[in-house]
2 protein chains.
Amino acid sequence: MSNAQAPDRTSRREQILKEAARLFAERGFHGVGVDEIGAAVGISGPGLYRHFAGKDAMLAELLVGISERLLAGGRMRVAEGGESPEAVLDALIDGHIDFALDDRPLITVHDRELDRLREADRKRVRQLQRQYVELWVEVVRRVHPGPSESQARAAVHAVFGLLNSTPHLGRPGALPGRTEMAELLHRLALGAFGAVAGEPVTGESVGAGVPGA
Amino acid sequence: MSNAQAPDRTSRREQILKEAARLFAERGFHGVGVDEIGAAVGISGPGLYRHFAGKDAMLAELLVGISERLLAGGRMRVAEGGESPEAVLDALIDGHIDFALDDRPLITVHDRELDRLREADRKRVRQLQRQYVELWVEVVRRVHPGPSESQARAAVHAVFGLLNSTPHLGRPGALPGRTEMAELLHRLALGAFGAVAGEPVTGESVGAGVPGA
DNA sequence: AGATGAGGTTAACGCCCATTAACCCGGATG
DNA sequence: CATCCGGGTTAATGGGCGTTAACCTCATCT
């Protein structure tokens, strides 16, 4: 047996997964070859097959991994339960924002390449996603009891789209830094949720009497 | 010379583009073969080359087309200029929602496959996108003068993510119908923009005292 | 020291797929 | 009537790429 459990820093597998995620995000699953992935970690081509059954296996592990971490994180935050539902929602939002800002490539791959998975894996990922959504829906409905469940669900989907928008950003510089960005996204998400209920807004009901030019 | 300008209903080219968009959205650019695209319009394989220079050309025309239509629509709505900036923003939002709901596949392809384009086309698309964003930024800043320009830009990006979230929706039934969905998205977008400025929200400041059950 | 196995390497195989070649047909043109 | 030519067809070509085969080389264990 061996006792050396810290080969370097991160195990080779994780290093590969990280680079694969980045490449998949940049050019799509079909767009990147195994040789490139190998090159990205210093080995070349088929050497990857010592660590993964194939290219598909890497994608599967990535997607299942993300989904599990997201759900686990969400459950944790709900379980820790703040004093108020509002606090829980805040925690959920912050958690998701951290994820979106830190693991940008994963987010991208997450909702781009789901259908390249084998039936079994895809089902698993979808199930995890669904549970994560329902987690949010419950909390949102606790904070905003007005709207129907389907409205709440659609709103949650939409807010995910909002929070996951960071990958689509242009070159940095025209945009706020990380902390400011996190702040902003948080406000935007809360603002959106706050508007789920309410009369058919016509734009007047939000712009707080700003005269403008 | 010919005078027959209405071959059937939509020209063959457009029919091909439509199917190609659907397929690209479903399985990604690299994921679908020319034979499939051909089959989708009743001809098979290389017959497509009578209409397009190649697979890439289809993608290019799709992406440039979307971007141009979005920008043109946006400019039109701004030019028609409602009485108030608020009305213009409403119009922009509605326009984008119509687009997101009606041309779902295009939206998907839009921000998935941009990098598969030839340098020239990609530059053009990016430029159109940028102009579209700036159009929104101006209007948003007119309605909400508080926040900085970079904040406004980030908010616009985020709201695009929100509005474009429809493609990611699960199977229909768990979600509102089209008109209700449009209504909801509109409210969410306004809610988000309304929250761009404002003190560091903690969740309490939004739940508008709805007593509920 | 010798065995072993983890982790690489390069070469070869085979499939998939975009593109091209070569050929075909029916209708408008003149 | 002969001629184009737009719009198809199938067969061939060629490159890219995932995967497998065969071989190599250190650490580590006995």
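Structure: see above.
It should be emphasised that the depicted structure is a prediction, and the values quoted were computed from it without experimental measurement.

(A) Structural detail: the nonpolar core. Grouped together as the largest cluster of nonpolar side chains are 130 residues, with contacts concentrated most on A:Trp136 and B:Trp136. In contact with A:Trp136, not counting residues within four places along its chain, are A:Leu89, A:Leu92, A:Ile93, A:His96, A:Val156, A:Phe160, A:Leu163 and A:Phe193.

(B) Representation of the protein's contact with DNA strand C within the structure. With respect to spatial proximity, 16 residues lie near DNA strand C, and among them A:Arg12, A:Arg50, A:His51, B:Val34 and B:Tyr49 are the closest. The sugar-phosphate portion of DNA strand C accounts for 54% of its atoms within 4 Å of the protein, the bases making up the rest. Note that a phosphate oxygen of DNA strand C is positioned 2.9 Å from one of the backbone N or O atoms of A:Ser44. In the model, a phosphate oxygen of DNA strand C is placed 3.4 Å from a nitrogen or oxygen of the B:Val32 main chain.

(C) Broad picture of the relation of the copies chain A and chain B. When chain A is brought onto chain B, the operation consists of a screw motion whose angular component is 180 degrees and whose axial shift is 0.0 Å, with 0.0 Å RMSD remaining. The operation mapping one copy onto its partner corresponds to a two-fold rotation axis. When you check the interface residues of chain A against chain B, 98% turn up at the interface there too, and the contact is symmetric in its surfaces.

(D) Geometry of the packing of aromatic side chains. Residues and elements named next belong to chain A. Under the counting rule described, the total for this entry stands at ten aromatic pairs over all chains. Seen in terms of ring centroids, tyrosine 132 and tryptophan 136 are 6.1 Å apart; in terms of plane orientation they differ by 70 degrees. Their pairing is edge-to-face. Taken together, the residues tyrosine 132 and tryptophan 136, both in helix 6 (residues 119–143) and four residues apart, mark about one turn of the helix. For the residue pair tyrosine 132 and tryptophan 136, the accessibility class agrees, reading buried in each case. Ring centres of tyrosine 132 and phenylalanine 160 lie 5.4 Å apart, and the angle between their planes is 15 degrees; on these two criteria the pair is classed as stacked. Taken together, the residues span a long stretch of sequence, with tyrosine 132 in helix 6 and phenylalanine 160 in helix 7 (residues 149–163) at a distance of 28 residues. Grouping residues by exposure puts tyrosine 132 and phenylalanine 160 together as buried.

(E) Layout of the protein's contact with DNA strand D. Around DNA strand D, a shell composed of 16 residues is seen, among which A:Val34, A:Tyr49, B:Arg12, B:Arg50 and B:His51 lie nearest. Of all atoms in DNA strand D that approach within 4 Å of the protein, 53% are sugar or phosphate atoms. Within the backbone of A:Val32, one N or O atom sits 3.5 Å away from a phosphate oxygen of DNA strand D. A distance of 2.7 Å separates a phosphate oxygen of DNA strand D from a polar side-chain atom of B:His51.

(F) Local environment of the interface of chain A and chain B. Of the residues lining the interface, 58 residues belong to chain A; the matching set on chain B comes to 59 residues. Summing both partners gives a buried area of about 4,600 Å² for chain A against chain B, and 60% of it is carried by carbon and sulfur. The interface formed by chain A and chain B contains ten residue pairs in polar contact (both at pLDDT 80 or more). Among the secondary structure elements, those contributing two or more residues to the side of chain A that touches chain B are helix 1 (12–27), helix 4 (85–102), helix 7 and helix 8 (178–194) of chain A. It is helix 8 of chain A that contributes the most residues to the side of chain A that touches chain B, 13 residues altogether. When the residues that make up the side of chain A that touches chain B are grouped by side-chain class, the tally is 23 nonpolar, 19 polar and 16 charged.

(G) Examining helix 6 of chain A more closely. Residues and elements named next belong to chain A. Here helix 6 spans 36 Å end to end across 25 residues, near enough to the 36 Å set by a 1.5 Å rise per residue. Taken together, the buried positions of helix 6 are occupied by Asp121, Arg122, Val125, Leu128, Tyr132, Val133, Leu135, Trp136, Val137, Val139, Val140 and Val143. Packed against the buried residues of helix 6 are helix 3 (55–80), helix 4, helix 7 and helix 8.

(H) Geometry of the packing of helix 3 (residues 55–80) of chain B against helix 4 (residues 85–102) of chain B. Residue and element names in this part refer to chain B. Running from N to C, helix 3 and helix 4 cross one another at 155 degrees; their axes reach a closest spacing of 9 Å. Classified by the interaxial angle, the pair formed by helix 3 and helix 4 is roughly antiparallel. Between helix 3 and helix 4 lies a crossing whose hand is right-handed. Counted together, Ile66, Arg69, Leu70, Gly74, Arg77 and Val78 of helix 3 and Val88, Ala91, Leu92, Gly95, His96 and Phe99 of helix 4 form the full contact between these two elements. Among the residues forming the contact of helix 3 with helix 4, the class breakdown is seven nonpolar, three polar and two charged.

Conventions adopted
Residues numbered from 1 in each chain as written. Chains lettered and ligands numbered in written order. Predicted model: local features only at pLDDT ≥ 70, side-chain atom pairs only at ≥ 80, totals over all residues. Heavy atoms only, no water. Core = buried A, V, L, I, M, F, W, Y, C linked by side-chain atoms within 4.5 Å. Buried < 20%, exposed > 50% of the residue type's maximum accessible area, 1.4 Å probe, protein only. Contact = heavy atoms within 4.5 Å. Near = heavy atom within 4 Å. Polar contact = N/O pair within 3.5 Å; in protein donor to acceptor, adjacent residues only side chain to side chain. Least-squares fit on C-alpha atoms with pLDDT ≥ 70 in both. Phe/Tyr/Trp six-rings, centres within 6.5 Å; stacked < 30°, edge-to-face > 60°. Helix = DSSP H or I, 4+ residues; strand = E, 2+ residues; numbered from the N terminus. Buried area = accessible area lost by both parts, 1.4 Å probe. Nonpolar A, V, L, I, M, F, W, Y, C, P; charged D, E, K, R; others polar. Expected span 1.5 Å × (residues − 1). Axes fitted to C-alpha atoms, helices over the stretch in contact; angles between N-to-C directions. Parallel < 35°, antiparallel > 145°, perpendicular 65-115°, else oblique. Left-handed = near helix turned anticlockwise from the far one by under 90°.

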